[in-house]
Amino acid sequence: MEASTRPLAVVTGASSGIGLELAKLFAANDYDVVVAAEDDDIRAVAEGIGASGVLAEAVQVDLADDGGVDELYRRVRSSGRPIDALVLNAGRGAGGAFATDTELADELEIIDLNVRSTVHLAKHVVRDMVARDEGRILFTSSIASTMPGPFQAVYNASKSFVQSFALALRNELKDTGVSVTSLMPGPVETEFFAGADMLDTDVGASEKDDPADVARDGFAALMADEERVVSHSAATKAQARASRALPDSVKAEMHRKMAEPGSGQD
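In this text, all values refer to a predicted model and were calculated from it rather than measured experimentally.

(A) Broad picture of the packing of helix α1 (residues 17–28) against helix α8 (residues 211–223). Orientation of α1 relative to α8, taken along the N-to-C sense of each, is 55°, at an axis distance of 8 Å. Considered as vectors, α1 and α8 are oriented oblique to each other. α1 and α8 meet at a crossing whose hand is right-handed. Where α1 approaches α8, its residues Gly17, Ile18, Glu21, Leu22, Leu25 and Phe26 are matched on the opposing element by Pro211, Ala212, Val214, Ala215, Arg216, Phe219, Leu222 and Met223.

(B) Helix α3 (residues 66–77), seen in detail. Look at α3: 17 Å from first C-alpha to last across twelve residues, which is about the 16 Å you get at 1.5 Å a residue. Among all positions in α3, only Gly68, Val69, Leu72, Tyr73 and Val76 are buried. Seen end-on, α3 carries its buried residues on one side only, within an arc spanning 135°. Packing partners of the buried residues in α3 comprise β1 (8–12), β2 (32–37), β3 (56–60) and α4 (104–132). Measuring from the side-chain oxygen of the N-cap residue of α3 to the backbone nitrogen of Gly67 gives 2.8 Å; that N-cap residue is Asp65.

(C) Seen up close, the environment of Arg216. Assignment of secondary structure puts Arg216 in helix α8. By relative accessible area, which is 46% here, Arg216 ends up partly exposed.

(D) Summary view of the sheet that holds strand β6 (residues 178–185). One open sheet accounts for seven strands, arranged β3-β2-β1-β4-β5-β6-β7; its pairing is parallel. The open sheet is flanked by β3 and β7 (228–231), the only strands paired with a single partner. The average undirected angle you get between the axes of adjacent strands in this sheet is 15°. Note that strand β4 (residues 85–88) and strand β5 (residues 135–140) share four bridges and pair parallel.

(E) How the structure looks around a negative patch on the surface. A surface patch of negative charge is lined by Glu38, Asp39, Asp40, Asp41 and Glu191. Here Asp39 lies in the loop between β2 and α2 (41–50). Residue class for Asp39 comes out partly exposed when judged on its relative accessible area of 31%.

(F) Helix α5 (residues 153–172), seen in detail. Between the first and last C-alpha of α5 there are 29 Å, a value that for 20 residues agrees with the 28 Å anticipated at 1.5 Å per step. All of the buried residues in α5 are Val154, Tyr155, Asn156, Ser158, Lys159, Val162, Gln163, Phe165, Ala166 and Leu169. Considering only its buried residues, α5 is in contact with α4, β5, β6, α6 (192–195), β7 and α10 (248–259).

(G) Layout of the packing of aromatic side chains. For the structure on display, the rule yields six aromatic pairs. Judged by centre distance (5.0 Å) and plane angle (80°), the rings of Phe26 and Phe219 are edge-to-face. Taken together, the residues Phe26 in helix α1 and Phe219 in helix α8 connect sequence positions 193 residues apart. Judged by relative accessible area, Phe219 falls into the buried class, the value being 9%. Aromatic pair Phe192 and Phe193: ring centres 5.1 Å apart, planes at 85°, arrangement edge-to-face. Neither Phe192 nor Phe193 differs from the other in exposure class; each is buried. An aromatic cluster is built from Phe26, Tyr31 and Phe219, whose rings are joined through pairwise contacts. Geometry around Phe193 places Lys208 over its ring, the cationic atom sitting 5.1 Å from the centre.

(H) Geometry of the environment of Glu134. Here Glu134 shows up in the loop between α4 and β5. Residue classification places Glu134 among the partly exposed residues on the basis of a relative accessible area of 43%.

(I) Fine view of a nonpolar patch on the surface. A contiguous nonpolar surface patch, about 270 Å² in accessible area, is contributed by Leu104, Leu108 and Ile111. You can see Leu108 is positioned in helix α4. Relative accessible area serves as the criterion here: at 42%, Leu108 is assigned to the partly exposed category.

(J) Inspection of the packing of α3 against α4 at higher detail. Two numbers describe how α3 lies on α4: the axes approach to 9 Å, and their chain directions differ by 25°. When the axis of α3 is compared with that of α4, the two are roughly parallel. As α3 runs across α4, the sense of the crossing is right-handed. Along the contact surface, α3 presents Asp66, Val69, Asp70, Leu72, Tyr73 and Arg77, while α4 presents Arg116, Ser117, His120, Leu121, His124, Val125 and Asp128. Taken together, the residues of the contact of α3 with α4 break down into five nonpolar, three polar and five charged.

Quick notes on the rules
- Residues numbered from 1 in each chain as written.
- Predicted model: local features only at pLDDT ≥ 70, side-chain atom pairs only at ≥ 80, totals over all residues.
- Heavy atoms only, no water.
- Axes fitted to C-alpha atoms, helices over the stretch in contact; angles between N-to-C directions.
- Helix = DSSP H or I, 4+ residues; strand = E, 2+ residues; numbered from the N terminus.
- Parallel < 35°, antiparallel > 145°, perpendicular 65-115°, else oblique.
- Left-handed = near helix turned anticlockwise from the far one by under 90°.
- Contact = heavy atoms within 4.5 Å.
- Expected span 1.5 Å × (residues − 1).
- Buried < 20%, exposed > 50% of the residue type's maximum accessible area, 1.4 Å probe, protein only.
- Arc of directions from axis to C-beta.
- Polar contact = N/O pair within 3.5 Å; in protein donor to acceptor, adjacent residues only side chain to side chain.
- Pairing = 2+ DSSP bridges.
- Patch = residues over 30% accessible without salt bridge, like charges linked within 9 Å, V, L, I, M, F, W, Y side chains within 5 Å.
- Areas by Shrake-Rupley, 256 points an atom, 1.4 Å probe, with all protein chains shown as cover.
- Salt bridge = Lys/Arg side-chain N within 4 Å of Asp/Glu carboxyl O.
- Lys, Arg positive; Asp, Glu negative; His and termini not counted.
- Charge placed at Lys NZ, Arg CZ, Asp CG, Glu CD.
- Phe/Tyr/Trp six-rings, centres within 6.5 Å; stacked < 30°, edge-to-face > 60°.
- Lys NZ or Arg CZ within 6 Å of the ring centre and 35° of its normal.
- Nonpolar A, V, L, I, M, F, W, Y, C, P; charged D, E, K, R; others polar.

See below:
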């Protein structure tokens, strides 16, 4: 990593889905890439990206743990290279009724990964970028950030935090050379719904966007310094438009119909 003069991108949650596709896009645009995730697949991801001719390094860490965030930052800093682009993409969810179906440990881990690690890593990197007056940050938010999420209560709340945090940082940094963009996907064909135990729900069983399409939208918006991008399907974009006009009680009922356990079998 130390010998390269290419710009450097760091992508979290990069072992599959949107994060993997974003890492590939950075490599295709002549960035060296550090990819981070908890699972063993991240090493094969780095090998595959490295085969394209750029430098790629895997950092296998649990970002839901403070030590994992600090280790990722330490590994990047040890290269002596600045981070030109940061993608805060790591996240997970859990479906089911808050009172009876979900486990507290699971929900606290969602907060640790989706919220705490996002703030923690951003704190490290934003300071460095502001000191250099240069850098780009992409937050993977969600269309879920725009509505209360019955049967996904903690996940939706976590993405509402990410969305608000991203837009606040964008405003704080508007007079610097650091840009902040929020990527707001709808349902995407990834491992998310299986991991959240939501395959029997209406949203889990429905047609979903290709993560490569979502990644392209996010990458283009980041490079164009756009505030946010809703991705990817017409249905997701229509949902985003409607969310600006509908009361929260109506949006909550709509989400309930999509996410209630067993709704995909109706």
